[in-house]
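Chain residues, written in single-letter form:
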Amino acid sequence: DGAPYLGPVTLSAGVHALEARFAVTGTGDLPVEVFMGPSGGTPVSVPGVDLTHDASADAPVINGMTAEGSSLGGNVVVIDGFGFFPEDQVTVHWDSDDLTERDFVSWSATRIVLLSPPHAAGPIDVSVVTPAGTSGLAGFTYLAGGPPPITFELATVATMTRPTCGTWGQDGRFYVGRRFGQITALTFDDDYNVVSSQAYPAVSGLSNYEILGITTNPWDPPSPVRLYVAHSQLYAQGGGPFTDPAPYPGQISVLEGPLFDTPVPYITGLPTSNHDHAVNGLSFDNNGDLLISVGSNTNGGVAWPAMGDMDEGPLTAAILKARTSAPSFNGAITYVETVGGAPNDDQGDSAIVDVAPGVDVEVQASGFRNAFDLVYTTQGRVYATDNGPNSTFGPASTGPSTQTGGDAVGPDEFLHVERGRYYGHPNRNRGRTDARQNVHYGTGGPDVPGVFAQTLQPLSSSVDGIDEYRATTFQSQMRGEILVQRWNGATQRVALSPDGREVTALTAILPTSSALGLRTGPGGAAVLMDFSTNSVKT
C-alpha cells in the first residue's frame, strides 16, 4: 500500500497493492521469480496475470557491457540493462561521442549492440541517456595493438532444398544432410567458394527418410568416406492422436562412398514423436562410442493431442550412448512389456515397455525436450541446445499421474551434458524407476543436487545448431568457445569458465545468418545450413 517494509507485516482483510523490489549481483542471476504464500506455508509462484511491472519512468540502467576491445575499433559491444527506449530517443554517450539508433547494430529495451568506434588506447566511460534520465557509468578499455575485431562476412555459397545438418568428411568435402533424404557434398577452395557440388540419393528411397543428423567417426579409415546419418519419419500418424500400431521409425544408417546410395542399418528401433521431434544430432566420443540426441514425445511430460498424443518411452527425451566401440555391437533395438515381458514394438505403447536385453544403446543423460544438436568438445565435454516447451502443446508433469493446469512454457536452453544427470523434461516411463523424471523443472531455479541439473544459459527460441570453435583466428579470442545457432536468428558465441560449468559471456556474431544448423571449419569459418532459404552459407 505504498509503505516500505523490511520484515513481516500483518495485512487486514481486503485487497492490497504489493510492490516487490530486489537486486541481483549480475545478469547471470536472472531470471528471477516472485513467490507468495501463507505464513508458515509453502510459497507458490504468483501467476503472471497478477503481476505488473512498469519501469517506463525509471532512468536506464546498464547491468553489463563488453569490457574491452582494440583501438582499431570494430569490436562488437553488447550493452545489457533496461530502460533503453524509445529507440529514436536513446543515446549512448561513448566517451566524447554520441551514438544513436543509426549507429546501433541491433536494439531492444534491454539490449543495445553496436560496433566500437576507433579510439586511442585507454579507458573510457559509457552511459545510456533516454528521456527518463541517464544511466550510471560503465567502463570500456581500448587496448593498444590489442586483439583484432571479431568480424565475419556472410555469403550464400550453394542452394539446395531443405538443408538441416552437415559434417566434414575425411576427404575434405563438406557433406550436407537434407530433410528429404538426400546428401550433397560440397568442395570448397581456400576462400570457401564452392568449386564442386555433388548430390547423392542417400536415404531418400526409404519411408523414414528425413535427415536431422549426420557425422563421421574419427576412428574410421580415411577411405572410403563413411557417413553416419540420423533419419526418421516425422508426423508418422499425421501429427494427431495415435490410431494405428506403428513401429519405431528412428534409425541411424551408414553410407559409404563413392555413391552413398546404399544405406546400411546401424541402429534401428529408435523412437520418433508423432509430431516433429526425432533422432537429431550425432557425435562420436574419444572412445569411439556414438552419442545420439533423441527428442521427446510430449511438451512437458504428458501425452497431449496437439503433440501427437503419445507417451514418453524408454529412449525418448534423452541423450543416448551407443557403445559402438564394442566388437559385437548390437544396435537392433527392440522392446518388451514391463509386465510379462511380451515383445511389443508398437510406439503407441511407449509408456509400458522397456528396451529388450542385449541392446548396446542406453540413456546417457535424460530430461531434454528436443536437443536438436550436441557437440563433443576437445576438452571431452558435451554440450547441447534444447528447445523449450511451447504454449498450447500440453501441460507439465508434476508426478506419476499429476500435472499442471496450464501449458508448460519456457525458453530454449544451453546445457552441459553429463552422464546420469536429469535436465528437467519429464519422462513417466523412466519415472517408474527414477522418480525425479516424473517432475518438470523450468529455468527459474538452482540445481537440485542429485535430482535436477539447471541450464547454463536460457536462450531465445529456437536455438538448434551447435559446435566448438577450434580455430586460432582473431588471435585465438574465440578458441574453445561454443557457437550456437538460432533458427531465423543470430549465431551466438558462448564463452565458458575454465571448468566449462559456467557461461561467462554470450555475444552475437554479426551479420545474422538465419540458419538452422552450423559446423565450424578450417580457417575460422562457419558453414551454415539455412533451412528457411534453401541454401548453405559461410
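The structure this text deals with has already been given above.
In this text, all values refer to a predicted model and were calculated from it rather than measured experimentally. Residue numbers here run from 1 along each chain, matching the order of that chain's written sequence. Local features in this predicted model are restricted to residues of pLDDT 70 or higher, and side-chain atom pairs are both shown and tallied only at a pLDDT of 80 or more, whereas totals for entire chains, interfaces and linings draw on every residue. The side-chain values count all of the structure's non-hydrogen atoms but skip hydrogen atoms and water molecules.

1. Remarks on the overall build of the chain
Looking only at helices and strands, one finds one helix and 40 strands in the chain. With respect to the three principal axes, the spread of C-alpha positions in the chain is 70 × 70 × 35 Å. Relative to its full complement of 538 residues, the chain shows a buried share of 49%. Where accessible areas are quoted, they stem from the Shrake-Rupley method and a 1.4 Å probe; at the residue level, only the protein chains shown are allowed to cover. For the chain, the accessible surface area stands at approximately 24,000 Å², while carbon and sulfur atoms represent 53% of it. Positive residues here are Lys and Arg, negative ones are Asp and Glu, while His and the chain termini are left out of the count. In plain terms, the charge of a residue is placed at NZ if it is Lys, CZ if Arg, CG if Asp and CD if Glu. Of the side-chain charges in the chain, 25 are positive and 55 negative, and the distance between the mean point of each set is 6 Å. Helical segments are the DSSP runs of H or I of at least four residues, strand segments are the runs of E of at least two, and each set is numbered from the N terminus. For the exposure calls, accessible area comes from a 1.4 Å probe over protein chains only, and a residue counts as buried if that area is under 20% of its type's maximum, exposed if over 50%, partly exposed in between.

2. Re the sheet that holds strand 33 (residues 457-459)
A pair of strands counts as paired when DSSP detects no fewer than two bridges linking them. In space, the four strands of this open sheet follow the order 28-29-32-33, with antiparallel pairing throughout. Strand pairing shows two members of the sheet lacking a second neighbour, strand 28 (373-376) and strand 33, which therefore form its edges. Recorded for the sheet is a direction-independent mean angle of 20 degrees between the axes of neighbouring strands. Across five bridges, the pairing between strand 29 (residues 382-386) and strand 32 (residues 412-417) is antiparallel. Along strand 32, the bridge assignment pairs Thr385 with Phe414. The axes are straight lines fitted to the C-alpha atoms, using for helices just the contacting stretch, and the angles between their N-to-C directions are given from 0 to 180°.

3. Some words on the pairing of strand 35 (residues 482-486)
Burial analysis of strand 35 places four of its five residues in the buried class, the great majority of the element. Where strand 34 (residues 463-468) lies against strand 35, five bridges are found, and the strand directions are antiparallel. Residue Asp467 lies in a different strand from strand 35, and its bridge partner there is Leu483. One ladder, built from four bridges, connects strand 35 with strand 36 (residues 491-496); its direction is antiparallel. Pairing of Ile482 across the sheet is with Val494, part of strand 36. If you look at the hairpin formed by strand 35 and strand 36, you'll find four residues sitting between the two strands, and Asn488 has a positive phi there, around 60 degrees.

4. Considering a negative patch on the surface
Put simply, a patch holds well-exposed residues, over 30% relative accessible area, that have no salt bridge, with like charges counted together within 9 Å and Val, Leu, Ile, Met, Phe, Trp or Tyr side chains within 5 Å. Each reported salt bridge corresponds to a side-chain nitrogen of Lys or Arg within 4 Å of a carboxyl oxygen of Asp or Glu. Together, Asp95, Asp97, Asp98, Asp103 and Asp125 make up a negatively charged patch on the protein surface. Within the element layout of this structure, Asp97 appears in strand 7 (residues 97-99).

5. Let's talk about the pattern of salt bridges
Scanning the entire structure with this criterion turns up 20 salt bridges. Arg421 is paired through a salt bridge with Glu418; the nearest N and O atoms lie 2.9 Å apart. Given the relative accessible area of 28%, Arg421 is considered partly exposed. A salt bridge links Arg436 to Asp434, with the nearest nitrogen and oxygen atoms 2.9 Å apart. Because the salt bridges share partners, they merge into one network encompassing Arg323, Asp360, Glu362 and Arg419.

6. Details of the nonpolar core
Within soluble globular proteins, side chains that are nonpolar tend to cluster in buried spots. Among buried residues, the Ala, Val, Leu, Ile, Met, Phe, Trp, Tyr and Cys ones that are joined through side-chain atoms within 4.5 Å form a nonpolar core. If you look at the biggest cluster of nonpolar residues, it comprises 23 residues, and the most contacted ones within it are Ile252, Ile267, Leu290, Ile292, Leu320, Ile333 and Val361. Residues in contact with Ile267, not counting those within four places in the same chain, are Gly250, Gln251, Ile252, Leu290, Ile292, Ala322, Phe329, Gly331, Ile333 and Val361. In this structure, Ile62, Leu114, Ala138 and Phe140 belong to the second largest nonpolar core, which totals 18 residues. Working rule for contacts: check all heavy atoms of both residues, and any pair within 4.5 Å makes them a contact.

7. Some remarks on the environment of Ile252
Looking at the element boundaries, Ile252 is found in strand 20 (residues 250-256). A sequence separation of 38 residues divides Ile252 from Ile214, and the C-alpha atoms of the two residues are 9.1 Å apart. Leaving out residues up to four positions away in the same chain, Ile252 has contacts with Val229, Ala230, Val264, Pro265, Tyr266, Ile267, Leu270, Leu282, Leu290 and Ile292.

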